[in-house]
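Here's the letter readout for the chains.
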Amino acid sequence: RAEIRSSMAKVVPSYFPKPNEEDAYEPDDGCDRCGCPNEEACCPGFWKDDGVPPIWPLSWVMDPKNKYLNDNRCARMFGNLGFKFYDKERKAFMGTALAVTVFAMVITGFGCFALSDDTSTLEITAWGRATRKFEAEDGSNVGQITYIGLRKFVVRTCTEAEGSDFGSWRRCESEDTWWMGAKCAPGEEAYYGFRCQDVETCRESSVNSQFGAFTTAVTLLFAMMGCLTRIRKVADTNFQKLIGCVPDTIGCITQFQALTLFAAGCYDGMPDEDNLGNPITYRVGWGYWSYIFCLLAAIVRVTMHYLTPVPGGGAGCKLRDIHTTYGAAGALVVAGVGLAATGVELVTTGAGTAATMAVKHAETTVQSASEGAKLVHETAKSAVIGSAAIGAGVAKAGVQTVMGSIHSASRLGSSLLLGSPGIKSAKGADFETEDLDRELTDATPVESGRGSLDGSGPGPSALSGAETIDAPRSDASAGTPL
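Just so you know, these numbers come straight off a predicted model, no measurement behind them. (Residues numbered from 1 in each chain as written. Predicted model: local features only at pLDDT ≥ 70, side-chain atom pairs only at ≥ 80, totals over all residues. Heavy atoms only, no water.)

Caption draft 1: Main features of a nonpolar patch on the surface. A contiguous nonpolar surface patch, about 640 Å² in accessible area, is contributed by Phe110, Ile124, Tyr267, Val284, Trp286 and Trp289. The residue phenylalanine 110 is located in helix H8 (residues 90-112) in this model. (Patch = residues over 30% accessible without salt bridge, like charges linked within 9 Å, V, L, I, M, F, W, Y side chains within 5 Å. Areas by Shrake-Rupley, 256 points an atom, 1.4 Å probe, with all protein chains shown as cover. Salt bridge = Lys/Arg side-chain N within 4 Å of Asp/Glu carboxyl O. Helix = DSSP H or I, 4+ residues; strand = E, 2+ residues; numbered from the N terminus.)

Caption draft 2: View of the nonpolar core. Judged by nonpolar contacts, the single largest core of 29 residues is most densely connected at Trp127, Leu150, Trp179, Phe194 and Phe262. When contributions to this core are tallied by element, the ones reaching two or more residues are strand S3 (152-160), helix H10 (196-230), helix H11 (238-268), strand S7 (280-284) and helix H12 (286-307). The next biggest cluster of nonpolar side chains, apart from the first, holds 10 residues, and it includes Trp47, Phe93, Leu98 and Cys227. (Core = buried A, V, L, I, M, F, W, Y, C linked by side-chain atoms within 4.5 Å. Buried < 20%, exposed > 50% of the residue type's maximum accessible area, 1.4 Å probe, protein only.)

Caption draft 3: Here's a closer look at the pattern of salt bridges. Within the structure shown, the criterion is met by 14 salt bridges. We note a salt bridge from arginine 90 to aspartate 87, for which the minimum N-O separation is 2.8 Å. Summarising the burial analysis for this pair, arginine 90 and aspartate 87 share the class buried. With its nearest N and O atoms 2.6 Å apart, the salt bridge here joins aspartate 274 to arginine 132. Of the two residues, aspartate 274 is situated in the loop between H11 and S7 and arginine 132 in strand S1 (residues 128-135); the sequence distance between them amounts to 142 residues. Accessibility classification places aspartate 274 together with arginine 132 in one group, the buried group. Several salt bridges converge on common partners, so that one network encompasses Lys67, Asp71, Arg76 and Asp321.

Caption draft 4: A look at the side chain of aspartate 236. Among the structural elements, aspartate 236 can be located in the loop between H10 and H11. Given the relative accessible area of 0%, aspartate 236 is considered buried. Within the structure, aspartate 236 has its side chain in polar contact with the side chain of arginine 90 (distance 2.7 Å). (Polar contact = N/O pair within 3.5 Å; in protein donor to acceptor, adjacent residues only side chain to side chain.)

Structure (structure tokens):
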């Protein structure tokens, strides 16, 4: 924590304070954190163990990639059974199952000693106890305590049995008998005060419970290993959940059946009176109670197994394929791939949307630019055509004006220099100005580009038709040369 805070303080110095002396002295193993230990830091070797033994064929059986036992649709559907909350709080719930299993191992081990052939041990760990009192031939009260074991039963006879509390009885002697040899002799109707038929029933129940009691005590070791495996996400797989649920379920059913059959054969089915009519009292022994606790622990454990899915799973009570294969690591990888695929899909969708919008915007921009360019082109074209037309019109008007001026000057020059039929001779005579103007007005105009000086056009006549002017004319009124 100190290293993380130091490194983060370099990034955001104002938010992360500098590590103080208390942080500097914290241990590196993570086992002391303000009363809340970090168990994964305490035992990294345990928490990082994937639960696959290095020995074949166990390595093949426990392999998360095993297509037959773990990586198939049925196994994934079963592994997905459970609730996400139990997966999140895996350490708490599987830790509870582990603690209950450890206690059950101790207590069941005590009850398993009912298989012993030691008399003193059987008196303590018996699965059942029956007490009765009867009167001896000499008139004394004799007490008899029968301890029912799984391989033997012990009969303790006390010659001084005063009161109903068998603990106060004195002068007691014990005798043990193997169940295989417990049977009535020919002609006998009772065996230690019990009818022969009842002894046979209890004997069958006790013998049939021997194997179940032993296997239950031994398999608790594997049950504990299953809890230790499933408490680690890195080691939990579909097959681990399967071997945690199915064997425990079968064990609960068979153990309940065995306890029920034993109670029916050596408790409920036993007579209330002996062959002499004396009452018999039956009590459940400590060994039987220990297996009842073992049954309750198995129910708690198998419930935790069913409710806790594999890492990343949690379909409730529905059988649904989780599509994960390789335990916690595979679940994390598949979950990461799923999140990455979702992110890629979102990015692709966003990129596609952005690209579509960009393309549409670009198309709109290009279309607008094209329309603008077309408009500019049309405007420029119109401006050029208009300017050209105006310039052409102006030029034409100018040309026409110049040509008109040239023609007018040419006509006037021709009229003045060559004369015309309508103008009188000025040789030796004077004439008035208005007469000249009138004569010029009445003269025939020369068309532009049509008249010529050689008399070939419709202009004035040639030089042959005009009189030669020998002397300049004079103005009569002013006396100045014209």
